[in-house]
Amino acid sequence: MRIAPLSLLISASLFASCAFAQDTATVTGIESEISIKQAEYDNATQILEKHLKEESQLQSQLDLLRTRSTELDKEKNQALDAMNEMYRRLIDDPTIDISAAQARYQQAVVDHKQNKDDIAMQLAAIASHRKDIEQIRVAKHTQLNTLESLKEQLTTARVERLRNEFTREGTLEVNHTINCKRTETLAACEQRGQQMGLQKATKRFVDQIFANLTEERLVEPKRNMAGAQVQVLSSHVVNSAFSGQGNYNVNLSVTMRGDVNSSRLCNLLSVDNRYCSEYGTPLSTGYQTSYETTFTDSQLTFSDSKDNTNVSVSRISEQPINDYSVKPMPMPTAKPQVDANKMIEFTLRSNVYDDEVFIDGVSFGSTRLATTLPSGIHDVEVRKQGYQPYRVRVDLRKPQTIHAKLVKKPESIAAPTYTSEQRNTTPVTSTALGGNAAAAMVVIPAGKFEMGDINGNGLANERPVVEKTIASSFAMQNKEVTVGAYQQFVSNTNYKTEAERNRGCAYYLNGEPVWEVNLNWRNPGFEQSSDFPAVCLTYNDAKAYADWLSGQTGQQYRLPNEVEWEYAARAGTKTEYPWGNEIGKNLANCGWCGSEWSNKSAAPTGSFAPNAFGLYDTVGNVWEWTHKSAEQADVTVRGGAWNFAPSLARASTRLILAPDFRANYIGFRLVRER
């Protein structure tokens, strides 16, 4: 039997809530902002290309002026020689006219001087143009980071909107008719009819939730994976009657609230699971569709139902229907015994960050957790990668708070592990600096790799993809150069960085790079210790350290070139990151990457697992300077940073900067020549 027209009106009204309109407005607002920022970024790209073209033209003109300078210098010397010859002849013959020789020499001097002035003006024009280019590039990087950050916010807003759309609340009226069995009493037939009517109401409620999802086209094909549930808040019989043919008809009014396993929202939207991490991680297999005091729609079939979607219906605070309460379906004996009629407050805390709580096998998100559970016995488990699981059975009779203490495993693993053959990382040690961390090296083996935007997610300057060959192995520092290591260099040489000599160092404020005269490698604008990466250093500051280290050890140290850096960072992979194509959560220190330092500061070097070559922090923490050739005016930094979006921490991402730029998100590491 179909829902009455009045019921449809009531149902439709519940989806017009201001809260859901607000969710959509938030998503739309972010999309609009992305469109604006994308236009600004595209415009900046065009302006930069124009400036680079103009700089190339200015450079060509300078080359012509310098070529002409050689010619004019030669002409001036020849004119001088000719004039001197005329003067010698004048001594023997005073009647000789030397004016033509004088005029030629005078003109040669004038032309040569004018050319020198033109060269000086051209150099000044190029220098001015170069400053404009540097400013445009920094502005572009800022716009790019802002754009990628907005995309992060957009995905988060979409997930939150979907969660709110699944957890709507409303009232439905539904009619249902059944044939009473000859073997059952009228009371039993009445109870069965009401139970089946309740099931039909919840089924229809879920159908309408899915039909009214903003991204219904994307979510509907994955409907069976949603784990959609309905909580019956209250229900009562509007009217009911028995017919003479042994039929029972009931009209129910049911108030319900939708529910969903929030950790599955990311899969429904086809986005990275980290956006749902606050709700818990998705179950890998065996989605649960029933809980205590739950009725599963799979046990009932209605001829007019749209599909066979499994819907869990959990009754809470339910009013009796004609003095008959709906009994729960029998549950497996392995489940803890609970009393659904009495809800108790339960609070759980732990000593770790970014854990996941499971109660009776169901994910409840992360601690601190405050929820209500049915009175009775519950199995509680707290998990975190790299830690021993914490498990306890709680007999919940009154409000309780539990403090879980997780113990770290002997070896914490936050990224893939590899065999010794895969790693091929024979350690290289140096005692020249007394075990200084700056000298900790790993061998990077020779090999081939594809360099650039392999997966099609990168920037224009990452294309085309080119196969590169590393003919010989080389040694690279396994961590970024630390504050402690740089302090040794400064103490030994009294070197003053460019930030200390002039203008200070840049930092991000409201998405813009701001120069602060008091910021430098000693004081980068956040708290640091000796094992933090040294930042606020220019390309020349990094080179000065490399030269000093070379002198101290008798071995040749330098910045890695881009090919070496990307080859070492990829460590034999073709994915965006060492562990896959998604950034995950708390696997690196970058903006919105889920670490305790994300968007706050750099992290101590080596805080996360190394890649297959044994290199730490090739993803995030701080951008790293690479070597530039003599003919290059600019330098490339690689690897992403603690305040840049995850998409900019990919192995192939390149940012181009002026050699004298410094910021509290840029550091470096070195390679050692064979």
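Parameters at a glance
- Residues numbered from 1 in each chain as written.
- Predicted model: local features only at pLDDT ≥ 70, side-chain atom pairs only at ≥ 80, totals over all residues.
- Heavy atoms only, no water.
- Salt bridge = Lys/Arg side-chain N within 4 Å of Asp/Glu carboxyl O.
- Helix = DSSP H or I, 4+ residues; strand = E, 2+ residues; numbered from the N terminus.
- Buried < 20%, exposed > 50% of the residue type's maximum accessible area, 1.4 Å probe, protein only.
- Core = buried A, V, L, I, M, F, W, Y, C linked by side-chain atoms within 4.5 Å.
- Contact = heavy atoms within 4.5 Å.
- Axes fitted to C-alpha atoms, helices over the stretch in contact; angles between N-to-C directions.
- Parallel < 35°, antiparallel > 145°, perpendicular 65-115°, else oblique.
- Nonpolar A, V, L, I, M, F, W, Y, C, P; charged D, E, K, R; others polar.
- Disulfide = S-S within 2.5 Å.
- pLDDT = per-residue confidence, 0-100.
- Pairing = 2+ DSSP bridges.
- 1 Å grid on protein atoms, 1.4 Å probe; cavity = no way out; pocket = protein on both sides within 12 Å on 5 of 7 lines; lining within 4 Å.
- Points joined across faces, edges and corners; volume = space filled by probe spheres on them.
- Phe/Tyr/Trp six-rings, centres within 6.5 Å; stacked < 30°, edge-to-face > 60°.

(A) Inspection of the pattern of salt bridges at higher detail. Inspection of every chain in the model, using the stated rule, returns 33 salt bridges. A salt bridge links Arg130 to Glu55; its shortest N-O distance comes to 2.5 Å. Taken as a pair, Arg130 in helix α3 (residues 99–166) and Glu55 in helix α2 (residues 18–92) lie far apart in primary sequence, 75 residues in all. A relative accessible area of 13% means that Arg130 is categorised as buried. Linking Glu381 and Arg383 is a salt bridge whose minimum nitrogen-to-oxygen distance equals 3.2 Å. What makes Arg383 partly exposed here is its relative accessible area of 39%. Each of Glu562, Glu566, Arg570, Arg638 and Arg654 takes part in one network of salt bridges that share partners.

(B) Seen up close, the nonpolar core. Formed by 47 residues in total, the largest nonpolar core has its most connected members in Tyr486, Tyr545, Trp623, Trp625, Tyr665, Ile666 and Phe668. The set of elements that each furnish at least two residues to this core consists of α3, α8 (483–493), β17 (505–509), α10 (539–553), β20 (623–625), β21 (635–638) and β22 (654–657). Every residue in contact with Ile666, bar those within four places of it in the chain, is listed here: Ala534, Val535, Cys536, Leu537, Val622, Trp623, Trp625, Val637, Leu657 and Phe661.

(C) A look at the packing of α8 against α10. Put simply, α8 and α10 touch, their axes get as near as 10 Å, and they point 75° apart. In terms of orientation, α8 and α10 fall into the roughly perpendicular class. For the pair α8 and α10, the contacting residues are Ala485, Tyr486, Gln488, Phe489, Asn492 and Thr493 in the first and Asp541, Ala544, Tyr545, Trp548 and Gln552 in the second. Considered class by class, the residues forming the contact of α8 with α10 number six nonpolar, four polar and one charged.

(D) Local environment of the state of the cysteines. Throughout the structure, instances matching the rule amount to four disulfides. Put simply, Cys505 and Cys536 are joined by a disulfide, and their sulfur atoms are 2.1 Å apart. Between Cys505 and Cys536 the sulfur-sulfur dihedral comes to about -80°; the bridge is accordingly left-handed. Of this pair, Cys505 sits in strand β17 while Cys536 is found in the loop between β18 (512–516) and α10, placing the two residues 31 residues apart along the sequence. What makes Cys505 buried here is its relative accessible area of 0%. By relative accessible area, Cys536 is classed as buried at 0%. Across a sulfur-sulfur distance of 1.6 Å, Cys590 and Cys593 are joined as a disulfide pair. Taking the torsion about the S-S bond as the criterion, the Cys590 to Cys593 disulfide, at about -60°, is left-handed. When sorted by exposure, Cys590 lands in the same class as Cys593, which is buried. Listing the disulfide partners of the protein by sequence rank of the bonded cysteines yields 1-2, 3-4, 5-6, 7-8.

(E) Up close: the confidence of the model for the protein. A residue-level look at the protein finds 82% of positions with pLDDT of 70 or above and a mean pLDDT of 82. Scored below 50 in pLDDT, residues 1–16 shows 31 contacts in the model against residues more than four places distant or in partner chains.

(F) The arrangement of the pairing of strand β2 (residues 229–242) in detail. Summarising the sheet, β2 and strand β3 (residues 247–259) pair through twelve bridges and their orientation is antiparallel. Of the residues in β3, the one forming a bridge with His236 is Ser253. From the end of β2 to the start of β3, which pair antiparallel, there are four residues, and Gly246 there has a positive phi angle of about 85°.

(G) Structural view of empty space enclosed by the protein. Inspection of the entire model under this criterion finds four cavities of 30 Å³ or more. Within this model, the largest cavity holds a volume of roughly 100 Å³. What lines the largest cavity is a set of 15 residues, and nearest its centre among them are Trp579, Ala609, Asp617, Thr618 and Val619. Looking at the lining of the largest cavity, its residues break down into eleven nonpolar, three polar and one charged. Of the volumes computed, that of the second largest cavity is approximately 80 Å³. Together, Val138, His141, Thr142, Tyr508, Trp623, Val637, Phe644, Leu655, Leu657, Phe661, Tyr665 and Ile666 line the second largest cavity. Take the lining of the second largest cavity: its biggest share by element is three residues, from α3. The residue inventory of the lining of the second largest cavity, partitioned by class, reads ten nonpolar, two polar and no charged.

(H) How the structure looks around the packing of aromatic side chains. Under the defined criterion, the tally for this structure stands at 22 aromatic pairs. Taking 5.7 Å as the distance between ring centres and 85° as the angle between the ring planes, the aromatic pair formed by Trp515 and Phe661 counts as edge-to-face. Of this pair, Trp515 sits in strand β18 while Phe661 sits in the loop between β22 and β23 (666–667); the two residues are 146 residues apart in sequence, bridging distant segments of the chain. Relative to Phe668, the ring of Tyr545 lies with its centre 5.7 Å away and its plane at 65°, an arrangement referred to as edge-to-face. Of this pair, Tyr545 sits in helix α10 while Phe668 sits in the loop between β23 and β24 (671–672), placing them 123 residues apart in sequence. What makes Tyr545 buried here is its relative accessible area of 0%. Here Phe668 falls in the buried class, since its relative accessible area comes to 0%.

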